[in-house]
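If you want the building blocks of each chain, they are given just below.
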Amino acid sequence: MATERTFSILKPDATKRNLTGAVNAVIEEAGLRIVGQRRIQMSRAQAETFYEVHKERPFFGELVAFMTSGPVVVQVLEGENAVARYREVMGATNPAQAAEGTIRKKFAQSVGENTVHGSDSAENARIEIAQFFQDGDIAG
Ligand code: CMP
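So, here is what we can say about the structure in this document. Since the structure is predicted, the reported quantities are computational estimates derived from the model, not experimental observations. (Residues numbered from 1 in each chain as written. Predicted model: local features only at pLDDT ≥ 70, side-chain atom pairs only at ≥ 80, totals over all residues. Heavy atoms only, no water.)

1. Let's talk about the site of the ligand
In step 1: As a matter of local geometry, the ligand sits amid Lys-11, Tyr-51, His-54, Phe-59, Glu-62, Leu-63, Thr-93, Arg-104, Val-111, Gly-112, Asn-114 and His-117.
In step 2: Lys-11 is positioned with one of its side-chain polar atoms (N or O) 2.8 Å from an oxygen atom of the ligand.
In step 3: Between the ligand and the protein, one listed contact pairs an oxygen atom with a backbone N or O atom of Val-111 at 2.9 Å.
In step 4: Surface burial for the ligand is 79%, taken as the share of its 450 Å² of free accessible area covered by protein chains.
In step 5: A class-by-class count of the residues in the shell around the ligand yields four nonpolar, five polar and three charged. (Near = heavy atom within 4 Å. Polar contact = N/O pair within 3.5 Å; in protein donor to acceptor, adjacent residues only side chain to side chain. Areas by Shrake-Rupley, 256 points an atom, 1.4 Å probe, with all protein chains shown as cover. Nonpolar A, V, L, I, M, F, W, Y, C, P; charged D, E, K, R; others polar.)

2. Structural notes on the nonpolar core
In step 1: In terms of nonpolar packing, the biggest core is built from 20 residues, with Phe-7, Ile-9, Met-42, Met-67, Val-74, Phe-132 and Phe-133 touching the most fellow members.
In step 2: Those elements that provide at least two residues to this core are strand 1 (3–10), strand 2 (33–40), helix 3 (44–50), helix 4 (60–67), strand 3 (72–80) and helix 7 (122–132).
In step 3: The greatest single-element share of this core, amounting to five residues, is contributed by helix 4.
In step 4: For Met-67, the contacting residues outside a window of four places in its chain are Ile-9, Lys-11, Pro-12, Met-42, Ala-47, Tyr-51 and Val-72. (Core = buried A, V, L, I, M, F, W, Y, C linked by side-chain atoms within 4.5 Å. Buried < 20%, exposed > 50% of the residue type's maximum accessible area, 1.4 Å probe, protein only. Helix = DSSP H or I, 4+ residues; strand = E, 2+ residues; numbered from the N terminus. Contact = heavy atoms within 4.5 Å.)

3. What to know about the environment of Ala-47
In step 1: Mapped onto the elements, Ala-47 comes out in helix 3.
In step 2: We classify Ala-47 as buried; its relative accessible area is 0%.
In step 3: Distance in space between the C-alpha atoms of Ala-47 and Val-64 is 5.7 Å, their sequence separation being 17 residues.
In step 4: Among residues more than four places away in sequence, those in contact with Ala-47 are Met-42, Val-64, Met-67 and Thr-68.

4. A short note on the pattern of salt bridges
In step 1: For the coordinates displayed, the defined rule picks out six salt bridges.
In step 2: Salt-bridge contacts for Lys-55 lead to Glu-52; the nearest nitrogen and oxygen are separated by 3.9 Å.
In step 3: The partly exposed category is assigned to Lys-55, whose relative accessible area is 45%. (Salt bridge = Lys/Arg side-chain N within 4 Å of Asp/Glu carboxyl O.)

5. What about the pairing of strand 1?
The side chains of a regular strand alternate between both faces of the sheet.
In step 1: By the bridge criterion, eight bridges tie strand 1 to strand 3 in an arrangement that is antiparallel. Its bridge partner lying in strand 3, Phe-7 is registered against Val-76.
In step 2: Sheet analysis places strand 1 next to strand 4 (residues 116–118), joined by three bridges and oriented antiparallel. The residue of strand 4 that forms the bridge with Ile-9 is His-117. (Pairing = 2+ DSSP bridges.)

Here it is as structure tokens:
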């Protein structure tokens, strides 16, 4: 399996509870390397663009409000099969369904405040990384 990159966000519920180090420890223990990382305040426009695919969903307004409610940490993760590996490490979107040992099982509070985002495909990873990082910001 080839080395690939995925995009990750530590969401406002993680920064608010001072969990960024604890979440990063799970990521690194899972064999994923954090090759890019920045703490930012997402603008409304950035959040709306990022989640455009969900804009017809009933939770879209709530999702944008939450993602702009406090700082987030945007990351580029690298490793073998990184997209699928990170989805495994995050656990199910709804923490009530997340497996033991996953980030969402350990830390997430609800389906909305679910601590982390990870890309769902290599193609979306490239698009999402490009929204928040320039090549010079990533050192693999
Ligand atoms: P994420 O992987 O960031 O991508 C879309 C997000 O929408 C998802 O994580 C959830 O946090 C959020 N989401 C999904 N379903 C709901 C819901 N029913 N209510 C609020 N947020 C949701």
